[in-house]
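What follows is each chain in one-letter form.
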Amino acid sequence: MAKKALIIEDDGNIAELLRLYLEKDGFEVAQAGDGGLGVELARSFEPDVILLDIMLPVKDGWQVCREVRAFSKTPIIMLTAKGETADKVAGLEMGADDYLTKPFEVKELLARVHAVMRRTAEEEGEKPKRLSFDKLIVDLDSYELIVDGKKVDTPPKEMELLFHLASSPNRVYTRNQLLDEVWGFDYFGDSRTVDVHVKRLREKLEGVSDQWRLKTVWGVGYKFEVGAA
């Protein structure tokens with residue numbers, strides 16, 4: 001069965017170019033020229049990956065991302081003409097899996113599409129995932145983070161990053177390792193992506209327990225440290 005891609009892009013030339021390359025790569029493709037239709041197609045078309053522009057009529061890409069994340073874990077790659085870090089951070093915090101700044105090489109885009117889809121397929125084939133620590137439960141089956149007995153809303157990629165770190169307590173991961181193992185790509189990743197997600201996780205977890213912590217190993221990367229007290 002062909003994989004399905006949804007393009008939500010109001011620039012007809014870019015949308016058509018993406019459609020041609022994706023179809024050549026074996027995808028069944030649906031297109032939406034505005035955010036409202038994009039959300040509708042995300043429900044009805046049930047894509048395997050979504051390519052989402054930020055500057056859209058009706059609903060912008062950030063709103064689309066929020067609404068889609070309310071009912072779907074489909075990988076989302078955000079496309080933007082803006083290169084500012086703040087725009088990238090906003091998309092990642094709302095649950096996007098990756099981003100590309102226009103103009104971009106189509107080959108790079110396709111590589112990222114396959115990377116996020118491969119990561120999703122691996123997750124779906126894995127065994128149940130649930131980790132418990134003092135005042136902390138990371139449940140990747142239901143994508144729920146329970147902190148001190150309360151459910152904390154957490155974007156999917158933050159959950160996956162925390163689970164990955166906590167699955168190997170006290171192991172130090174470099175930023176590039178985390179990009180490769182959590183995001184599923186290494187050559188195209190930006191290490192700031194990891195830093196942004198760690199920062200957001202710290203805001204949720206700081207000071208909850210003295211039995212574990214999310215620690216920066218300066219000059220190397222990050223680890224989920226247990227028994228630090």
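Structure: see above.
Residues numbered from 1 in each chain as written. Predicted model: local features only at pLDDT ≥ 70, side-chain atom pairs only at ≥ 80, totals over all residues. Heavy atoms only, no water.

*Asks:* Explain the overall build of the protein chain to me, please; I cannot follow it from the model alone.
*Replies:* Looking only at helices and strands, one finds eight helices and twelve strands in the protein chain. Relative to its 229 residues, the protein chain shows a buried fraction of 50%. Expressed as a percentage of contacts within the protein chain between residues at least 6 apart in sequence, the contacts between residues at least 24 apart total 56%. Carbon and sulfur atoms make up 49% of the accessible area of the protein chain, which totals about 11100 Å². (Helix = DSSP H or I, 4+ residues; strand = E, 2+ residues; numbered from the N terminus. Buried < 20%, exposed > 50% of the residue type's maximum accessible area, 1.4 Å probe, protein only. Contact = heavy atoms within 4.5 Å. Areas by Shrake-Rupley, 256 points an atom, 1.4 Å probe, with all protein chains shown as cover.)

*Asks:* Could you clarify how one ought to interpret the sheet that holds strand β10 (residues 173-174) in this entry?
*Replies:* Strand order in the open sheet formed by three strands is β10-β12-β11, with antiparallel pairing between adjacent strands. Both edges of this open sheet fall to β10 and β11 (212-217), since each of them pairs with a single strand only. As paired strands, β11 and strand β12 (residues 221-226) are joined by six bridges and run antiparallel to one another. Across the sheet, the residue bridging to L214 is F224, located in β12. Contacting β11 and β12, helix α8 (residues 191-205) crosses the sheet at an angle of about 150° to β11. (Pairing = 2+ DSSP bridges. Axes fitted to C-alpha atoms, helices over the stretch in contact; angles between N-to-C directions.)

*Asks:* When you look at the pairing of strand β2 (residues 28-32) in this model, what are you seeing that I'm missing?
*Replies:* Two faces, one strand: in a regular strand the side chains alternate between the faces of the sheet. Looking at chain direction, strand β1 (residues 4-8) and β2 are connected through five bridges and run parallel. Paired with L6 across the strands is A30, a residue of β2. As for the winding sense of the linkage, the β-α-β connection from β1 through helix α1 (residues 12-24) to β2 is right-handed. (Right-handed = clockwise from strand over helix to strand, strands pointing away.)

*Asks:* Please clarify how the side chain of T216 should be interpreted in this entry.
*Replies:* Mapped onto the fold, T216 is located in strand β11. On the basis of relative accessible area, T216 is assigned to the buried category, the value being 14%. Within the structure, T216 has its side chain in polar contact with the side chain of R202 (distance 2.6 Å). Sequence-distant contacts of T216, that is, excluding residues within four places in its chain, are made with R202, G221 and Y222. (Polar contact = N/O pair within 3.5 Å; in protein donor to acceptor, adjacent residues only side chain to side chain.)

*Asks:* In this structure, what is going on with the side chain of S209? I would like to understand it.
*Replies:* If you trace the backbone, S209 turns up in the loop between α8 and β11. Take S209: its relative accessible area is 14%, and that puts it in the buried class. At 2.6 Å, the side chain of S209 forms a polar contact with the side chain of D134. Polar contacts involving the side chain of S209 include one to the main-chain amide nitrogen of Q211, which spans 3.0 Å.

*Asks:* I tried to follow the pattern of salt bridges on my own but got confused; where do I start?
*Replies:* If the charged atoms of two oppositely charged side chains come close together, the side chains can form a pair. As enumerated under the stated definition, the model contains 19 salt bridges in all. Ionic pairing is found between R130 and D139, a salt bridge with its closest N-O pair at 3.5 Å. Beyond isolated ion pairs, a larger network of salt bridges with shared partners links R69, D97, K157 and E160. (Salt bridge = Lys/Arg side-chain N within 4 Å of Asp/Glu carboxyl O.)

*Asks:* Looking at this model, I keep getting lost on a nonpolar patch on the surface. Mind explaining?
*Replies:* Together, L17, L20 and Y21 give the surface a local cluster of nonpolar side chains, amounting to about 270 Å² of exposed area. On the basis of relative accessible area, Y21 is assigned to the partly exposed category, the value being 37%. (Patch = residues over 30% accessible without salt bridge, like charges linked within 9 Å, V, L, I, M, F, W, Y side chains within 5 Å.)

*Asks:* Please clarify how the packing of helix α6 (residues 156-167) against helix α7 (residues 175-183) should be interpreted in this entry.
*Replies:* Any two packed helices are characterised by how steeply their axes cross, that is the angle between the axes, and by the distance between the axes. For the pair α6 and α7, interaxial distance at closest approach is 10 Å and the crossing angle is 115°. Comparing their axes, α7 and α6 come out roughly perpendicular. For the crossing formed where α6 meets α7, the hand is right-handed. Two secondary-structure elements touch here, α6 through K157, E160, L161, H164 and L165 and α7 through L178, E181, V182 and W183. Per-class residue counts for the contact of α6 with α7 are five nonpolar, one polar and three charged. (Parallel < 35°, antiparallel > 145°, perpendicular 65-115°, else oblique. Left-handed = near helix turned anticlockwise from the far one by under 90°. Nonpolar A, V, L, I, M, F, W, Y, C, P; charged D, E, K, R; others polar.)

*Asks:* Would you take a moment to explain the nonpolar core for this structure?
*Replies:* Generally speaking, a soluble globular protein has its nonpolar side chains buried in company with each other. The biggest cluster of nonpolar side chains holds 27 residues, and the ones touching the most others in it are L136, V138, L161 and L178. Top contributing element to this core by residue count: α6, with six residues. Listed in part, the 22 residues of the second largest apolar core include I8, A42, C65 and A90. (Core = buried A, V, L, I, M, F, W, Y, C linked by side-chain atoms within 4.5 Å.)

Note that every value here comes from positions in space, so none of it alone points to a role or purpose.
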